[in-house]
2 protein chains.
Amino acid sequence: MITSDLEVKVKFLHGFSHRTRIQILEAIKHNEKTVSEIIQTVNASQSNISQHLACLKGCGMVVGRQEGKYIYYSLRNQKVRDLLTMFDEVLEEVEEEVACCKKEVE
Amino acid sequence: MITSDLEVKVKFLHGFSHRTRIQILEAIKHNEKTVSEIIQTVNASQSNISQHLACLKGCGMVVGRQEGKYIYYSLRNQKVRDLLTMFDEVLEEVEEEVACCKKEVE
DNA sequence: CACACATATTCGTTATTGCTAATATGATGA
DNA sequence: TCATCATATTAGCAATAACGAATATGTGTG
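Fair warning: this is a prediction, and the values are worked out from it, not measured in the lab.

Basis of the calculations
Residues numbered from 1 in each chain as written. Chains lettered and ligands numbered in written order. Predicted model: local features only at pLDDT ≥ 70, side-chain atom pairs only at ≥ 80, totals over all residues. Heavy atoms only, no water. Core = buried A, V, L, I, M, F, W, Y, C linked by side-chain atoms within 4.5 Å. Buried < 20%, exposed > 50% of the residue type's maximum accessible area, 1.4 Å probe, protein only. Contact = heavy atoms within 4.5 Å. Buried area = accessible area lost by both parts, 1.4 Å probe. Salt bridge = Lys/Arg side-chain N within 4 Å of Asp/Glu carboxyl O. Polar contact = N/O pair within 3.5 Å; in protein donor to acceptor, adjacent residues only side chain to side chain. Helix = DSSP H or I, 4+ residues; strand = E, 2+ residues; numbered from the N terminus. Least-squares fit on C-alpha atoms with pLDDT ≥ 70 in both. Near = heavy atom within 4 Å.

(A) Seen up close, the nonpolar core. Within the largest apolar cluster, 60 residues are counted, with the highest numbers of intra-cluster contacts made by Phe12 and Phe16 of chain A together with Phe12 and Phe16 of chain B. Not counting residues within four places of it along the chain, the set of residues in contact with Phe12 of chain A comprises Cys59, Gly60, Met61 and Leu83 of chain A together with Val90, Leu91, Val94 and Val98 of chain B.

See below:
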């Protein structure tokens, strides 16, 4: 039961491993956005956002649909949305200790 | 409500961004283990595992408790465990598309 | 205290990832 | 078809992260 291959998991989770990608996911958490809108929201270069979107798409986290000259991106499904919500919940409880890697001193 | 700071989230999620760290989390998902046991399970060098454990600790994902000359590591709390379970659930649904970043060709 | 064992830390090197700039593709509409 | 706008891709350089080897710290025991 539920024993997904490690490699797949690694690839999937890679989607969460960059500030900009997390911002993109947050940006489209509740409603789809065009690339242009994402660029504005996240405030990064077109090329940069496009590359991160490619990554997120490859990770299976987001999907894009074309409509006219725009491409709308959104989370792949409700589970991914739940996952994002869960992060927030866990963080509520952990926030303090999160100093991450190197130097958790003060 | 539930609006954890982006920086904190980035740091926390960084914990999931490496194969070895994911393996460690899986290894201690259901019961605590000593560093030595983790080293054997994951099959990496002592130094390497120790560094990743420091990272995971800094990310707020795991905690360690000393008992005699051993240190037992375990997931910080039930929420983190739920998160890991959720990953598996999401992966069940996404598995196929997950080719991640660069080249989702075959 | 000296020794053995468990774990942590540091340092220098290598590998991976991200970024920018330039260019390419693809769709729309005059 | 040509011009324009939206997005994707490539290439080369810059920034980060990971690793192994060596060393340090800490704990129990004779």
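(B) Spotlight on the interface of chain A and chain B. Taken together, the contact between chain A and chain B spans 47 residues of the former and 47 residues of the latter. Taken together, the two surfaces of chain A and chain B that pack against each other cover about 4,700 Å², and 70% of this comes from carbon and sulfur. Note that Glu89 of chain B is salt-bridged to Lys79 of chain A, the shortest N-O span being 3.0 Å. On inspection of chain A and its partner chain B, the count reaches 10 residue pairs in polar contact (both at pLDDT 80 or more). In terms of residues, the side of chain A that touches chain B owes the most to one element, helix H5 (residues 78-94) of chain A, which gives 13 residues.

(C) Focus on the relation of the copies chain A and chain B. At an RMSD of 0.0 Å, chain A and chain B line up after a rotation of 180° and a shift of 0.0 Å along the axis. On this basis, the relationship between the two copies can be described by a two-fold rotation axis. Within chain A, Ser17 of chain A has its C-alpha nearest the rotation axis, a separation of 2.6 Å.

(D) View of the protein's contact with DNA strand C. Neighbouring residues of DNA strand C: 19 residues in total, closest Asn48 and His52 of chain A together with Ser36, Gln46 and Tyr73 of chain B. Counting only the atoms of DNA strand C within 4 Å of the protein, the fraction contributed by sugar and phosphate is 67%. Here a phosphate oxygen of DNA strand C sits 2.4 Å away from a polar atom, N or O, in the side chain of Asn48 of chain A. Contact between DNA strand C and Ile71 of chain B: a phosphate oxygen at 3.3 Å from a main-chain N or O atom of the residue.

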